[in-house]
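Chain residues, written in single-letter form:
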Amino acid sequence: MAATPEAKVKKEIIKWLKAKGIWYYMPIQNGMGVVGIPDFICCAPPLGKFVAIEAKAKGKLANVSANQAARINEIRLAKGLAVVVDDVTLLDELLGDL
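Residues numbered from 1 in each chain as written. Predicted model: local features only at pLDDT ≥ 70, side-chain atom pairs only at ≥ 80, totals over all residues. Heavy atoms only, no water.

A. Looking closely at unusual backbone geometry. Cis peptide bonds are those with omega within 30 degrees of zero, and the linkage from P45 to P46 qualifies with 5°. With respect to the secondary-structure elements, P46 resides in the loop between strand 2 (40-44) and strand 3 (49-55). (Helix = DSSP H or I, 4+ residues; strand = E, 2+ residues; numbered from the N terminus.)

The structure is reproduced here in structure tokens:
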């Protein structure tokens, strides 16, 4: 079975996170957790900065659900970093200085 376009983006994000030495966790969306939680929950060295990443298929950057937008807003209000990306190069632009 071929990987979905979003799965391809997630695979690239994983490579990027590992190259940067950033710890990450990918919550399983099974109805038991928080609805709309981003795809990646991360802790970035050296200061342990909280980072959340929502992955979208290329060209689908604006396709954030209302629940996803609410969780991203909550993270930002708590002074965490929360981003939506459809291409791993956006991570360098948005999070490159971590």
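Structure shown, so let's carry the discussion forward.
B. Region of the structure containing the pattern of salt bridges. Summed over the entire model, instances satisfying the criterion amount to six salt bridges. A salt bridge links K15 to E12; the shortest N-O distance between them is 3.4 Å. Here K15 pairs with E12, and both are found in helix 1 (residues 5-20), just three residues apart, close to one helical turn. Taking the relative accessible area as the measure of exposure, E12 reaches 34% and is therefore partly exposed. Across the salt bridge formed by K58 and D87, the nearest N and O atoms sit 2.8 Å from each other. Taken together, the residues K58 in the loop between strand 3 and helix 2 (66-77) and D87 in the loop between strand 4 (81-85) and helix 3 (89-95) connect sequence positions 29 residues apart. Take D87: its relative accessible area is 23%, and that puts it in the partly exposed class. Through salt bridges with shared partners, a single network forms among E6, K10 and D39. (Salt bridge = Lys/Arg side-chain N within 4 Å of Asp/Glu carboxyl O. Buried < 20%, exposed > 50% of the residue type's maximum accessible area, 1.4 Å probe, protein only.)

C. Highlighting the environment of F50. When you line up the elements, F50 lands in strand 3. With 32 residues separating them in the primary sequence, F50 and A82 have C-alpha atoms 8.5 Å apart. When neighbours within four sequence positions are excluded, F50 is seen to be in contact with I41, C42, I75, G80 and L81. (Contact = heavy atoms within 4.5 Å.)

D. Structural detail: the sheet that holds strand 4. Strand order in the open sheet formed by four strands is 1-2-3-4, and the pairing between neighbours is mixed. Where the open sheet ends on each side, the last strands, each with one partner, are strand 1 (23-25) and strand 4. The mean angle between the axes of side-by-side strands here comes to 25°, regardless of whether they run parallel or antiparallel. Where helix 1 meets the sheet, its contacts fall on strand 1, strand 2, strand 3 and strand 4, and the angle it forms with strand 3 comes to roughly 155°. The strands touched by helix 2 are strand 3 and strand 4; relative to strand 4, the strand with the most contacts, the crossing angle is about 145°. (Pairing = 2+ DSSP bridges. Axes fitted to C-alpha atoms, helices over the stretch in contact; angles between N-to-C directions.)

E. Quick look at helix 2. In this model, helix 2 (12 residues) spans 16 Å end to end at C-alpha, consistent with the 16 Å of a helix rising 1.5 Å per residue. What helix 2 keeps buried is the set Q68, R71, I72 and I75. For helix 2, the angular spread of buried residues about the axis comes to 100°, placing them on one side. Those residues of helix 2 that are exposed and angled more than 90 degrees off the buried face are A66 and L77. Turning to helix 2, the residues buried within the fold contact strand 3 and strand 4. The first or second residue beyond helix 2 is K79, which carries a positive phi of 75°. (Expected span 1.5 Å × (residues − 1). Arc of directions from axis to C-beta.)

None of this, on its own, says anything about what the molecule does.
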